[in-house]
Amino acid sequence: MDELARSLGVPAEVLRYAICLGSGYPLAILFNFIRNEQLKHLFSITTSTFLFLYVFSLEGWLHVLCSSLYTWLITKYYGKKDWCPPLVFVLLMSQMSYVHMIHQVWYPDDPSHVDSSSTMMVLIMKLSLFAWSVKDAKHSTNPEHKKNAVPVHPPLLDFLGYSFFFLGVWVGPAFPYATYRDFIKQTGEFEHKNISYLQSLKCAIAGLTSFGLMTFFGSEYHFVHCAGPKFKNEFNFIQKLVYIQVAALIVRAKYYGVWKIAESTACLTNIAYKDGKYDRAENVHIVGIELGQNAKSMTDSWNKYTNMWLKNTVYTRVTLGATSATYFASAFWHGFYPGYYLTFMSAVFITMAGRAIRRNLRPLFIAPGQFASYKTVYDYVGIFFTLTTMNYFFIPFMTRQFYSSFEIWRDTYFVGHVGAILTILILDKTNFGKILKKRFVPIKKE
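Keep in mind that this is a model prediction, so the values were computed, not measured.

Note that the residue after glycine 172, namely proline 173, is joined by a cis bond; omega there is 5 degrees. Mapped onto the elements, proline 173 comes out in the loop between helix H9 (156–163) and helix H10 (177–185). The amide bond that connects alanine 367 to the next residue, proline 368, takes the cis arrangement and shows omega of 10 degrees. The residue proline 368 is located in the loop between helix H18 (338–360) and helix H19 (375–393) in this model. Of note in this structure, aspartate 275 is not a glycine but carries a positive phi near 50 degrees. Its place among the elements puts aspartate 275 in the loop between helix H13 (237–266) and helix H14 (286–290).

In structure tokens, the structure reads:
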């Protein structure tokens with residue numbers, strides 16, 4: 001694979017994912033002709049195994065197999081115990097940490113090392129959510145937990161088919177087991193075939209366009225240049241902020257590309273269909289990110305299945321400090337680059353600032369607020385500040401390094417941190433927010 005990549009003049013990692021994601025198109029078409037449930041599971045197991053062994057590595061395949069086997073065994077015999085899902089979560093995260101250590105610490109610059117961390121990250125979401133789903137079948141009253149509940153523990157073949165499911169094994173989406181089970185059995189929403197070639201084409205165009213942006217502008221607009229003399233000495237404050245916005249868009253384009261291609265292949269089967277639309281496999285909503293009016297709507301549109309996983313395995317399970325615990329779990333799941341922790345720790349500020357704005361300012365621009373006629377202006381201002389602020393806070397996530405990220409923040413005078421903290425202090429920690437609402441939002445009379 002490395003020799004082929006060199007002969008084509010592309011990075012080996014890019015070629016690996018291109019082959020694996022591209023193979024989803026013919027595999028999805030072939031899958032539609034299979035009627036037997038057991039053959040469907042075997043189809044995913046054999047095709048994904050082949051790609052693992054010949055495109056990725058035996059080590060990556062063994063990680064998927066071993067984590068699937070111990071998750072299946074533990075949940076089969078102890079799935080109803082309160083301690084079972086947390087134990088499975090800890091075991092999976094420990095194994096994920098080992099995989100990250102290999103790639104990020106032991107062989108960070110070794111071109112011969114095959115990184116299988118992304119497949120493990122997807123698998124951890126599926127398996128840890130499965131562990132909770134087994135327990136939720138008996139104990140949970142939460143509607144979303146009950147929807148994903150697994151009352152009958154699956155046979156090993158079915159479970160391995162889920163782990164190696166060819167439409168999600170590489171970059172997601174990480175469908176809950178209940179979705180996969182109904183899809184294979186063709187029950188519920190999957191009883192009738194609903195395949196959209198048009199939606200598949202749209203997603204493919206979006207993915208290829210994103211790859212095109214990354215290819216043509218990636219070398220010119222990259223955060224590595226923010227450490228250079230031109231950015232530091234020649235750009236003024238506004239130019240630096242503009243450059244950060246463009247560079248962040250180009251970095252996001254890589255993720256848009258892989259997720260949209262994965263979604264495109266899913267649309268060639270029944271699994272993408274949901275409630276009359278073909279968006280079940282949508283892992284990223286590009287418009288929702290680029291035109292998000294607040295931090296929550298923007299983050300809800302990014303890596304949507306990871307958000308769902310964090311919500312159902314961490315946020316709704318933790319009784320104290322749920323937001324901080326969720327951000328930390330997300331950072332730990334991503335690995336050990338210090339930039340991840342800088343981003344997710346800083347994200348607490350923008351979350352709190354966003355809540356303060358929605359609580360204290362938004363009512364002024366919604367009837368019966370006196371500025372309701374300016375709601376459109378409020379929305380556009382929200383889009384502008386949300387995107388620029390999120391791009392600022394996610395600089396460490398993209399650079400992955402502590403010092404370089406800190407330097408970029410310092411060169412922009414920590415504008416995002418200062419703005420978020422002042423917003424929280426002014427609107428939430430003083431009476432200013434209450435005074436505004438009292439003055440400009442009339443009290444409804446009974």
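To continue, consider the side chain of threonine 269. Its place among the elements puts threonine 269 in the loop between H13 and H14. Judged by its relative accessible area of 0%, threonine 269 falls in the buried class. Engagement of the side chain of threonine 269 in a polar contact is seen with the backbone oxygen of alanine 266, the distance being 3.0 Å. In contact with threonine 269, other than residues within four places in its own chain, are Ala28, Asn32, Leu167, Phe183, Asn194 and Ile195.

Let us look at a positive patch on the surface. Together, Lys80, Lys81, Lys138 and Lys146 make up a positively charged patch on the protein surface. Note on placement: lysine 81 falls in the loop between helix H5 (58–78) and helix H6 (84–106). Using a relative accessible area of 45% as the deciding quantity, one classes lysine 81 as partly exposed.

It is worth spelling out the pattern of salt bridges at this point. Any two side chains of opposite charge can pair, given that their charged atoms come close. Taken as a whole and assessed by the stated rule, the structure comprises 16 salt bridges. In this structure, the salt-bridge partner of aspartate 300 is lysine 296, at a minimum N-O distance of 2.7 Å. Here aspartate 300 and its partner lysine 296 are both found in helix H15 (residues 295–300), 4 residues apart, which amounts to about one turn of the helix.

This next bit is on the side chain of asparagine 294. Among the secondary structure elements, asparagine 294 is positioned in the loop between H14 and H15. By relative accessible area, which is 17% here, asparagine 294 ends up buried. Of note is the side chain of asparagine 294, whose polar atom sits 3.2 Å from the backbone nitrogen of lysine 296. Excluding its chain neighbours within four sequence positions, the residues that come into contact with asparagine 294 are Arg358 and Thr386.

The rules behind these values
Residues numbered from 1 in each chain as written. Predicted model: local features only at pLDDT ≥ 70, side-chain atom pairs only at ≥ 80, totals over all residues. Heavy atoms only, no water. Helix = DSSP H or I, 4+ residues; strand = E, 2+ residues; numbered from the N terminus. Buried < 20%, exposed > 50% of the residue type's maximum accessible area, 1.4 Å probe, protein only. Polar contact = N/O pair within 3.5 Å; in protein donor to acceptor, adjacent residues only side chain to side chain. Contact = heavy atoms within 4.5 Å. Patch = residues over 30% accessible without salt bridge, like charges linked within 9 Å, V, L, I, M, F, W, Y side chains within 5 Å. Areas by Shrake-Rupley, 256 points an atom, 1.4 Å probe, with all protein chains shown as cover. Salt bridge = Lys/Arg side-chain N within 4 Å of Asp/Glu carboxyl O. Lys, Arg positive; Asp, Glu negative; His and termini not counted. Charge placed at Lys NZ, Arg CZ, Asp CG, Glu CD.

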